[in-house]
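Secondary and tertiary structure notes
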Amino acid sequence: MSVNNAIKLRVWGDFACFTRPEMKVERVSYEVMTPSAARNILQCILWKPSFDWVVTQIDVLKPIRWALIRRNEVGQVIPMGSATSAMKSGTGRLALYVEDDRQQRAGLLLRDVEYLIHAQVQLTHRASADENIVKFIEIFKRRAEKGQCFTQPYLGCREFTAYFELVNGDSTERKPIEDSKDLGWMLHDLDFTGEEVIPGFFHAHLQSGRLLVPRFDSQEICR
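Bear in mind the structure is a predicted one, so any value in this text is a computation, not a measurement.

Quick notes on the overall build of the chain
A count of helical and extended segments in the chain gives 3 helices and 9 strands. Along the chain, helices (α) and strands (β) appear in the sequence β-β-α-β-β-α-β-α-β-β-β-β when read from the amino end. For 223 residues, the compact-globule formula gives about 17 Å, and the C-alpha radius of gyration of the chain, at 19 Å, lands near that figure. Dimensions along the principal axes, computed over C-alpha positions, put the chain at roughly 55 × 45 × 40 Å. Restricting to contacts in the chain with at least 6 residues of sequence separation, those with at least 24 account for 73%. Element-wise, carbon and sulfur atoms account for 51% of the exposed surface of the chain, whose accessible area totals about 13,200 Å².

Rendered as structure tokens:
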């Protein structure tokens with residue numbers, strides 16, 4: 001990949017929850033932001049079918065701190081069939097009454113978080129002849145510098161707003177924390193190429209506050 005094909009984005013927020021999929025009901029976060037959560041933040045600022053974001057490293061800039069809270073949630077979603085029927089007929093039941101379907105659930109969240117996302121751009125087969133990596137990198141940098149985003153970035157769950165700032169090469173970077181630990185198996189991302197959505201996991205290690213992220217098509221990914 002080109003030397004210019006790299007961006008650094010500092011993100012932070014009051015709370016975060018990068019939910020562990022093995023926890024069925026209660027919301028329990030990973031200790032560190034997942035690559036898929038980092039990718040989603042980048043896509044909120046800029047995304048086109050012509051390219052994919054490839055997260056290469058995540059630096060943890062603040063100590064890992066936990067918070068146990070209880071949240072009110074609804075126990076169901078509007079069925080897809082109901083939405084499809086309403087679109088065809090022009091009318092239908094498309095409402096959920098919170099008071100009738102409220103559930104209280106515990107959540108083990110991260111609080112006062114800050115990360116530095118390292119990422120690159122990879123062109124897809126949908127890229128046209130006049131589209132290139134440098135073009136998308138420059139567009140992203142301009143948007144990030146102005147604080148522009150198509151949707152509000154979030155830290156795992158939509159209610160946990162993520163604030164962001166572009167880190168340029170000439171700026172002083174915050175140093176990661178000194179912690180080193182085995183984080184176990186972590187969700188990398190989801191594979192949407194087949195008929196079924198397949199999750200991919202990797203064995204995550206935090207080395208002096210840095211999480212190195214393997215490529216999703218590497219042998220380190222377990223599906």
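After that view of the structure, there is still more to cover.
Looking at the pattern of salt bridges
Enumeration according to the criterion identifies 12 salt bridges in this entry. Close ionic contact of D191 with R223 constitutes a salt bridge, the shortest N to O distance being 3.8 Å. Remark: R223 occurs in the segment after β9 (210–212) and D191 occurs in strand β7 (residues 181–191); sequence separation between them is 32 residues. D217 serves as the salt-bridge partner of R215, at 3.4 Å between the closest nitrogen and oxygen. Judged by relative accessible area, D217 falls into the exposed class, the value being 61%. The network of salt bridges with common partners includes R10, E114, E165 and R174.

Observations regarding unusual backbone geometry
We note that D112 has phi near 55 degrees; this positive angle belongs to a residue other than glycine. Mapped onto the secondary structure, D112 falls in strand β5 (residues 102–123).

Observations regarding the side chain of H118
Relative to the assigned elements, H118 resides in strand β5. When residues no more than four places from it in sequence are discounted, the contact partners of H118 are I7, K8, V54, V55, T56, Q57 and D59.

Description of the nonpolar core
L9, M33, Y115, F140 and L211 are the most contacted members of the largest nonpolar core, which has 47 residues in total. Broken down by secondary-structure element, the contributors of at least two residues to this core are β1 (7–16), α1 (35–45), β3 (51–60), β5, α3 (133–145), β6 (163–166), β7 and β8 (198–207). Looking at which element gives the most residues to this core, the answer is β5, with 7 residues. The residues touching Y115, leaving out its near neighbours within four places in the chain, are L9, R10, V11, F18, E31, V32, M33, I58, D59, V60, L61 and L110.

Comments concerning the pairing of β3
Moving residue by residue along a regular strand, the side chains alternate between the two faces of the sheet. The element β3 is extensively covered by neighbouring structure, given that 8 of its 10 residues are classed as buried. Where β3 lies against β5, 9 bridges are found, and the strand directions are antiparallel. Of the residues in β5, the one forming a bridge with V60 is Y115. The pairing of β3 with β9 spans 3 bridges and is antiparallel. Bridge pairing in β9 places D59 opposite R210.

How each quantity is defined
Residues numbered from 1 in each chain as written. Predicted model: local features only at pLDDT ≥ 70, side-chain atom pairs only at ≥ 80, totals over all residues. Heavy atoms only, no water. Helix = DSSP H or I, 4+ residues; strand = E, 2+ residues; numbered from the N terminus. Rg over C-alpha atoms; globule rule 2.2 N^0.38 Å. Contact = heavy atoms within 4.5 Å. Areas by Shrake-Rupley, 256 points an atom, 1.4 Å probe, with all protein chains shown as cover. Salt bridge = Lys/Arg side-chain N within 4 Å of Asp/Glu carboxyl O. Buried < 20%, exposed > 50% of the residue type's maximum accessible area, 1.4 Å probe, protein only. Core = buried A, V, L, I, M, F, W, Y, C linked by side-chain atoms within 4.5 Å. Pairing = 2+ DSSP bridges.

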